[in-house]
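Remarks on the overall topology
Spelled out from the first residue to the last, the chains are:
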Amino acid sequence: MAPRRLATSAAATTAAVLAVVTLSGAFPLPASRQRADMTCEPAVMDMYALPSTRLDVLNPWLTADVAAMAFANASALDPADCHPDHDILVPCYTTPGVGSGLARLADGTYVGLTDRGPNQDCEDLAEADPERHAAAEGKDGKGFYLPTFSPTLIYFNLTADGKMRMTKAVPLRGSAGERVTGLSNTDRDDTPYGANCVGEPLALDVGGVDPEDVAPIPGTDLLAVVEEYSPSVMVVHGRTGVIQARYVPASIAPMLAGAPYPVVGSLPSVFADRRKNRGFESLSVAPSGSHLFAILQSPLGDKKADGLKTTAVVRAVKMRIDVTSRSAATLTYDSQFALEASLPAAWTAAKKQPVKPTKVKLSAAVALSDDAFVLLERAPDQVLLYRVDVTAATTNLDATAYANGTDLELQTAGRMRAAAFGVTPAAKRLLWNSAVTPSWDGVEQQEGLALDDNGRLLVISDNDFGIEDGQTIVRRVDLGRGLSGCDVCPADAPTMAAGNVATGRCGSDPVSGGVGGTPAMPGCTSWGSLNRI
């Protein structure tokens with residue numbers, strides 16, 4: 001049967017009603033802000049760093065935690081090196097990782113969030129320093145340096161002197177105010193160990209979450225948050241941190257019985273086949289408040305299996321948002337669709353070539369309109385930003401033979417476009433490439449996107465609590481072009497040839513079969529948002 005297309009949402013017309021809010025941020029950009037002078041000279045305009053901040057500022061109860069205070073003392077021994085015992089594989093107590101997601105609020109402030117907390121990869125420890133970290137040898141899991149840590153929302157301003165000035169920290173909590181940890185839920189997740197992967201596994205926690213992106217729900221005091229374990233989409237009260245509901249694949253919900261908040265098994269069970277530590281990573285909430293898009297970090301299925309290890313197909317879900325008050329909203333699953341990640345040849349800056357497809361990650365998003373968003377893709381040593389349009393032409397995978405399995409991923413295998421199998425993915429167009437931005441000095445681990453009040457993009461790094469990089473840093477980026485995705489620069493050619501981008505002139509032929517395709521025509525003008533799904 002021919003694929004059914006995603007239907008237009010009537011609720012998408014309600015944007016004007018939601019103009020005055022407290023926690024909502026991603027409003028439709030005026031046309032004047034969607035186009036900038038096309039210079040083809042991308043640059044980093046400003047940088048803002050989070051000053052040294054103790055983890056007990058985020059989680060006050062850590063001051064009564066013996067292990068946390070020992071960690072704090074060890075981290076403070078050398079003013080020039082916050083890594084205990086000068087071990088760069090150990091996190092720092094004073095460099096919290098608050099860049100797993102980023103959003104701008106209506107009052108001009110920003111919200112970031114941590115992931116599950118300071119943790120280490122056991123295999124990396126054993127490989128990098130087998131003598132010091134002999135206890136990690138043979139363990140496939142994560143070392144949780146502070147098992148009592150609660151993932152936390154961080155509210156902050158950007159100051160004229162280049163700082164992220166934190167104004168409030170709100171740890172995530174259960175319905176009755178219980179602390180929510182970042183520990184693994186089930187044996188489908190990373191096996192949790194204590195610090196440095198020493199000893200036996202820790203107990204699993206069905207209520208633990210690993211947050212990866214955040215966006216305000218317009219007209220409310222609520223935030224949508226996506227996380228990697230289940231994977232899941234959550235509704236969180238922005239002021240209290242209470243998780244109002246966690247929406248997970250239907251097959252996962254029974255496994256989370258006993259979580260300290262409502263768990264709703266409404267997502268397709270195929271999403272339970274997410275790769276370990278590669279669940280929902282990117283989030284775009286429609287400025288009208290009608291719906292959201294949650295996007296996986298990587299393709300479904302075994303990353304070592306033939307076909308699956310090379311596929312570029314990444315799935316996403318659309319969920320409708322029903323707001324009942326400033327403090328209450330529910331999500332309803334609507335549909336699933338496909339995106340196509342950039343192929344190895346697009347990643348020209350990596351020191352080790354070619355880049356393995358499994359190293360490509362879709363790591364952040366921010367809404368431009370109800371059905372268009374900026375998507376951040378990253379791989380070793382490089383970051384790419386794309387405009388993505390989910391249009392009336394985008395195939396609803398629920399109406400195809402690909403709804404409940406990974407056949408689409410297997411058949412494309414990184415060699416064919418999804419269109420060759422009758423599936424129209426969301427349309428991508430290149431906006432920015434860190435490899436051709438001379439002033440870019442950021443680490444690859446950029447995990448949050450926001451638009452400032454002038455329509456400029458902000459990118460935030462995830463420093464993994466000091467393991468990946470010293471500080472959390474926000475960078476304001478000048479794309480050297482507008483946000484329409486229509487402007488094409490000479491340096492785009494290698495990326496566009498392998499970026500799985502839309503082909504043809506803007507607003508026309510959105511995709512084609514086969515790898516690569518003809519780049520968009522130069523010299524086109526802003527095309528606005530396409531038909532809404």
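Residues numbered from 1 in each chain as written. Predicted model: local features only at pLDDT ≥ 70, side-chain atom pairs only at ≥ 80, totals over all residues. Heavy atoms only, no water.

1. Comments concerning the overall build of the protein
Going by this rule: Think of it this way: any DSSP run of H or I at least four residues long counts as a helix, any run of E at least two long counts as a strand, and we number them from the N terminus. We call a residue buried when its accessible area falls under 20% of the maximum for its residue type, exposed when it is over 50%, and partly exposed in between, using a 1.4 Å probe and counting protein chains only. Contacts between residues were defined by any pair of non-hydrogen atoms, one from each residue, lying within 4.5 Å. Using a 1.4 Å probe, the Shrake-Rupley method yields the accessible areas, and only the shown protein chains count as cover for residues.
The number of helices and strands found in the protein is six helices and 24 strands. Buried residues in the protein amount to 60% of all 533 residues. Within the protein, counting contacts between residues at least 6 apart in sequence, those at least 24 apart form 67% of the total. Of the accessible surface of the protein, which amounts to about 18800 Å², a share of 53% is contributed by carbon and sulfur atoms.

2. Let's talk about the sheet that holds strand β23 (residues 457-461)
The criterion, for reference: Pairing between two strands is assigned when DSSP locates at least 2 bridges connecting them. As a rule, the C-alpha atoms of each element are fitted with a line to give its axis, helices using only the stretch in contact, and angles between N-to-C directions run from 0 to 180 degrees.
Strand order in the open sheet made by the four strands is β1-β24-β23-β22, with antiparallel pairing throughout. Across the chains shown, the open sheet's two edge strands, defined by having one partner strand only, are β1 (43-49) and β22 (446-451). Pairs of neighbouring strands in the sheet enclose a mean axial angle of 25°, with direction left out of account. In the sheet, β22 pairs with β23 via five bridges, with the strands oriented antiparallel. Within the sheet, the bridge partner assigned to Leu449 lies in β23 and is Val459.

3. Regarding the nonpolar core
Most often, soluble globular proteins have nonpolar side chains that are buried together. Basically, it comes down to this: As used in this record, nonpolar core signifies buried Ala, Val, Leu, Ile, Met, Phe, Trp, Tyr and Cys residues forming a set joined through side-chain atoms within 4.5 Å.
Phe280, Leu292, Ile295, Leu339 and Phe373 are the most contacted members of the largest nonpolar core, which has 54 residues in total. Counting 25 residues, the second-largest nonpolar core is a separate cluster that includes Leu50, Leu62, Phe156 and Met164.

4. Here's the deal with the pattern of salt bridges
When charged atoms on two side chains of opposite charge get close, those side chains can pair. Heads up, the condition is: Should a side-chain nitrogen of Lys or Arg be within 4 Å of a carboxyl oxygen of Asp or Glu, the pair is scored as a salt bridge.
Tallied over the full model, the rule gives 23 salt bridges. Taking the shortest distance from any N to any O, the salt bridge between Lys351 and Asp381 comes out at 3.1 Å. Separated by 30 residues along the polypeptide, Lys351 in the loop between β17 (328-340) and β18 (361-369) and Asp381 in the loop between β19 (372-379) and β20 (382-389) bring together distant segments of the chain. Across the pair Asp389 and Arg387 runs a salt bridge, and its minimum N-O distance is 2.8 Å.

5. Here's the deal with the confidence of the model for the protein
Test applied: Each residue gets a pLDDT score, which is the predictor's confidence in that residue and runs from 0 to 100.
Chain-level pLDDT for the protein is 88 on average; 87% of the residues reach the 70-or-more range. Within the model, the stretch residues 508-533 combines pLDDT values under 50 with 84 contacts to residues more than four positions away or in other chains.

6. Observations concerning the side chain of Asn196
Take Asn196: it is sitting in the loop between β8 (191-193) and β9 (211-216). Non-local contacts of Asn196, meaning those with residues more than four positions away in its chain, are made with Val90, Gln120, Leu125, His133, Ala136 and Tyr145.

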